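Spelled out, the chains give:
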Amino acid sequence: MMRQFSQHRRSNDRARVAAELSEEARLLTETTLPLDAIDASASDAHHGHGTNGNGHGNGNGNGNGKGNGNGNGNGHAKRNGRTVSLPGRSAAEHALAAIDTRLTEQPDSVPLLLERASILGSMGRYAEARGDLEHALLLDPENLTVRSALGIVLLRKGLWSSAVPHLRTVVENESWSPTAWFYLGEALNHVDDLDGALAAFVRACELDPSHAKALYGQGVVLDRLRRPQDAAPLYRRSREVAAR
């Protein structure tokens, strides 16, 4: 009876932690920003442009984004030095159009390619983001920001084995970054390198003991290694950290 209760409670723990982390994880995984900025919301990349209206989400705005409605906000853009309303387009689409214009003049600009990939990633357009990042990496193979972003986009597309070498290169050069170790652990877990994944998640937590996602990742891997008694306290710790 106690064993059944323990298993039921552990299952509830996992479900609760997953629910608590779901929104944070969504924001985390829908961005292609540099690794040291990954833990910020993907929408943070577009502050100043507005998102669906007022810069943070309420829509059917009046050109500068204020107003009420259902989230389908009007945006604004500069034409001949004047601000004009552009109905029916999101802030991300406006930002994308502006970068496209600049890229026609500077097609090999790594910062512009990275910026466009970031916006495309936030829109879920990972295949296009991947193309921009691969182009940027050809132009600047030593650019770790581009390489980390490419690794994350490959994760989002489910191309785990392709992501591993990029993310491994990042941790080799930025071993101080808990987020870099977390993403490597995520990729290794999906290619069934469980020992490597566990080591990466553990290292992330050594660098940042309050890294809820890495704590949860350890629990997942330990469960897969048939060590549920070791996984349970990590799920619990992840829940406690996420609740703060």
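The structure we're discussing is the one just above.
The present account deals with the structure reproduced in this document. (Residues numbered from 1 in each chain as written. Predicted model: local features only at pLDDT ≥ 70, side-chain atom pairs only at ≥ 80, totals over all residues. Heavy atoms only, no water.)

Things to note about the overall build of the chain
Across its full length, the chain carries ten helices and two strands. Written out in order from the N terminus, the α and β elements of the chain read α-β-β-α-α-α-α-α-α-α-α-α. Expressed as a percentage of the 244 residues in the chain, the buried residues total 44%. For the chain, the share of sequence-separated contacts (at least 6 apart) that also reach a separation of at least 24 residues comes to 42%. When the accessible area of the chain is evaluated, it comes to approximately 12600 Å², of which 48% is carbon and sulfur surface. (Helix = DSSP H or I, 4+ residues; strand = E, 2+ residues; numbered from the N terminus. Buried < 20%, exposed > 50% of the residue type's maximum accessible area, 1.4 Å probe, protein only. Contact = heavy atoms within 4.5 Å. Areas by Shrake-Rupley, 256 points an atom, 1.4 Å probe, with all protein chains shown as cover.)

Considerations on unusual backbone geometry
Phi is mostly negative for residues that are not glycine, and the peptide bonds are mostly trans. Look at aspartate 192: it is not a glycine, yet its phi comes out positive at around 70°. Residue position: aspartate 192 is located in the loop between α7 (178-190) and α8 (194-207). We note that arginine 226 has phi near 60°; this positive angle belongs to a residue other than glycine. Examined against the element boundaries, arginine 226 turns out to sit in the loop between α9 (212-224) and α10 (228-242). For arginine 226, a relative accessible area of 76% puts it in the exposed group.

Overview of the pattern of salt bridges
Applying the stated rule across the entire model yields eight salt bridges. Aspartate 192 is the partner of arginine 224 in a salt bridge, and the nearest nitrogen-oxygen pair spans 2.6 Å. Residue arginine 224 is located in helix α9, and its partner aspartate 192 is located in the loop between α7 and α8; the two are separated by 32 residues in the primary sequence. Each of Asp100, Arg116 and Asp132 takes part in salt bridges that share partners, so that together they form one network. (Salt bridge = Lys/Arg side-chain N within 4 Å of Asp/Glu carboxyl O.)

As for the packing of aromatic side chains
In the structure shown here, the tally under the stated rule is three aromatic pairs. On the numbers, 5.3 Å between centres and 65° between planes, the contact of phenylalanine 182 with tyrosine 183 is edge-to-face. Grouping residues by exposure puts phenylalanine 182 and tyrosine 183 together as buried. An aromatic cluster of at least three residues, connected via ring pairs, comprises Phe182, Tyr183 and Phe201. (Phe/Tyr/Trp six-rings, centres within 6.5 Å; stacked < 30°, edge-to-face > 60°.)

Observations regarding helix α4 (residues 126-139)
Compared with an ideal rise of 1.5 Å per residue, which puts 14 residues at 20 Å, α4 spans 20 Å between its outermost C-alpha atoms and is within 8% of the ideal. Of all the positions in α4, only Tyr126, Ala129, Asp132, Leu133, Ala136 and Leu137 are classed as buried. For α4, the angular spread of the buried residues around the axis is 135°, confining them to a single face. Exposed residues on α4 whose side chains face more than 90 degrees from its buried face are Ala127 and Leu138. (Expected span 1.5 Å × (residues − 1). Arc of directions from axis to C-beta.)

Details of helix α5 (residues 144-156)
Each full turn of the α-helix corresponds to 3.6 residues, which orients residues three or four apart in the same direction. Counted at 1.5 Å a residue, the expected span for α5 with its 13 residues is 18 Å, and the 18 Å between its end C-alpha atoms agrees. Of all 13 residues in α5, twelve are buried, a share of seventy percent or more. Along α5, the residues classified as buried are Leu144, Val146, Arg147, Ser148, Ala149, Leu150, Gly151, Ile152, Val153, Leu154, Leu155 and Arg156. The residue sitting at the N-terminus of α5 and contributing the capping side-chain oxygen is asparagine 143; that oxygen lies 3.0 Å from the backbone nitrogen of threonine 145. Glycine 158, located one to two residues past α5, shows a positive phi value of around 80°. (Polar contact = N/O pair within 3.5 Å; in protein donor to acceptor, adjacent residues only side chain to side chain.)

Some remarks on the packing of α9 against α10
Packing of α9 against α10 leaves a shortest axis separation of 8 Å and a crossing angle of 160°. For the element pair α9 / α10, the angle class is roughly antiparallel. Crossing geometry of α9 relative to α10 is assigned as left-handed. Of the residues in α10, those in contact with Ala212, Leu215, Tyr216, Gln218, Gly219, Val220, Leu222 and Asp223 of α9 are Pro228, Asp230, Ala231, Leu234, Tyr235, Arg237, Ser238, Val241 and Ala242. Classifying every residue of the contact of α9 with α10 gives eleven nonpolar, three polar and three charged. (Axes fitted to C-alpha atoms, helices over the stretch in contact; angles between N-to-C directions. Parallel < 35°, antiparallel > 145°, perpendicular 65-115°, else oblique. Left-handed = near helix turned anticlockwise from the far one by under 90°. Nonpolar A, V, L, I, M, F, W, Y, C, P; charged D, E, K, R; others polar.)

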